[in-house]
Amino acid sequence: MFEFKNMEEKDLLMVLRWRTEKDITKCLFTDLDKPDIDKQLAWFKKIEADPTCNYWVIYMNGLPIGVIFLTNIDFTHKRASYGTYIGVPEKRRFGAYVMPVFYNYVFSKEGLGLHKLWWEVLSWLGNVIDLHKFHGAKIVGTAKEHVFKNNKWQDVVIMELLRDDWVKDTRWVKMKGVFEPYNK
Amino acid sequence: MLELFNKAAVDFNGWCSERNRFDLPITLETPVAGPGSPLDSMAMVSFIMGVEELFEAKGISVNLSSAEALEHWDTFGTMISYLEDGLHVRV
């Protein structure tokens, strides 16, 4: 079973370990500056109080394997941006299954009832972009030299997935998970 | 079952060719994904969905995509064993 539990303080050390791993951080916009648990706790207190975001720890058959999160949550326009990573290397192969489970939750009326998800990906991550397209997402633009990382400017691809496009592809319907609700 | 597997492998090679990615000879010993596997996460999902669709075409409903099922095999050979032994499906 895929379960999505709201991130708690007890998760922070594990999440920090994942977040600073080379294979994960190379895909993210920022590298943490001298990461430590105190900074992580300060970050957690901030996001915990912020109603425009929610972070879940992903469990696969009882084992925590990664993180998925919504930011820029806007219930007026029913949209949010999102990101995810699988922290346990041997479970990364299941990442392509986690996303459909998440989409089914955020787009369903029983879940968050969103109309659109959007997100940004470093443009050189072709496999990631292809995976999102495989799930039905579309590229809606490119932000040139949007991120300064590893001493160079990097382009960012902007992607989005509309609820209507998602539910049209019935192959993913059966991919369900158990979510601790967003409760802010 | 092997016939069905071979059909799924042929379909999968078509899927790969359409995307100009790679043309993989999927065998029973091929690791499903991860270290040692030529398939990335998306390719694995595509292949497994192809197998499910072939079962459905024969009127057999199987869910190889649940979290429980996904951890039951390392190679496509053990996936077939899972189907035959665990679900008692014979095609």
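The structure presented is a predicted model; accordingly, all values stated were derived computationally and were not measured. Note that residues are indexed from 1 along each chain, following the sequence as it is written. Note on labels: chains are lettered from A, ligands numbered from 1, in written order. Thresholds applied to this predicted model are a pLDDT of at least 70 for local features of residues and 80 or more for the giving and counting of side-chain atom pairs; totals over whole chains, interfaces and linings are not thresholded and use all residues. In computing side-chain values, all of the structure's heavy atoms are included and hydrogens and water are not.

**Regarding the sheet that holds strand β8 (residues 178-179) of chain A**
Residue and element names in this part refer to chain A. One open sheet accounts for eight strands, arranged β6-β7-β5-β4-β3-β2-β1-β8; its pairing is mixed. On the outer flanks of this sheet lie β6 (138-149) and β8, each paired with one strand and no other. Criterion used throughout: strands pair if DSSP finds at least two bridges between them. The helix count covers DSSP runs of H or I at least four residues long, the strand count covers runs of E at least two residues long, and both are numbered beginning at the N terminus. Sheet topology note: the strand β1 (residues 2-6)/β8 ladder contains two bridges and is parallel. Within β8, the position partnered with phenylalanine 4 by the bridge is phenylalanine 179.

**A closer look at the interface of chain B and chain A**
Two residues form a contact once any of their heavy atoms are found within 4.5 Å. Listed as interface residues are 24 residues of chain B and, on the opposing side, 19 residues of chain A. For any pair of parts, buried area is found by adding up, for both, the accessible area (1.4 Å probe) each one loses once the two are put together. In total, about 1800 Å² of surface goes out of reach between chain B and chain A, with carbon and sulfur atoms giving 61% of it. Here, a salt bridge means any side-chain nitrogen of Lys or Arg that lies within 4 Å of a carboxyl oxygen of Asp or Glu. Applying the counting rule to chain B against chain A returns two salt bridges. Here lysine 91 of chain A makes a salt bridge to glutamate 71 of chain B, at a shortest N to O gap of 2.2 Å. Contributing elements (two or more residues each) for the side of chain B that touches chain A: α2 (41-57) and α3 (67-70) of chain B. In terms of residue count, α2 of chain B provides more of the side of chain B that touches chain A than any other element does, 10 residues in total.

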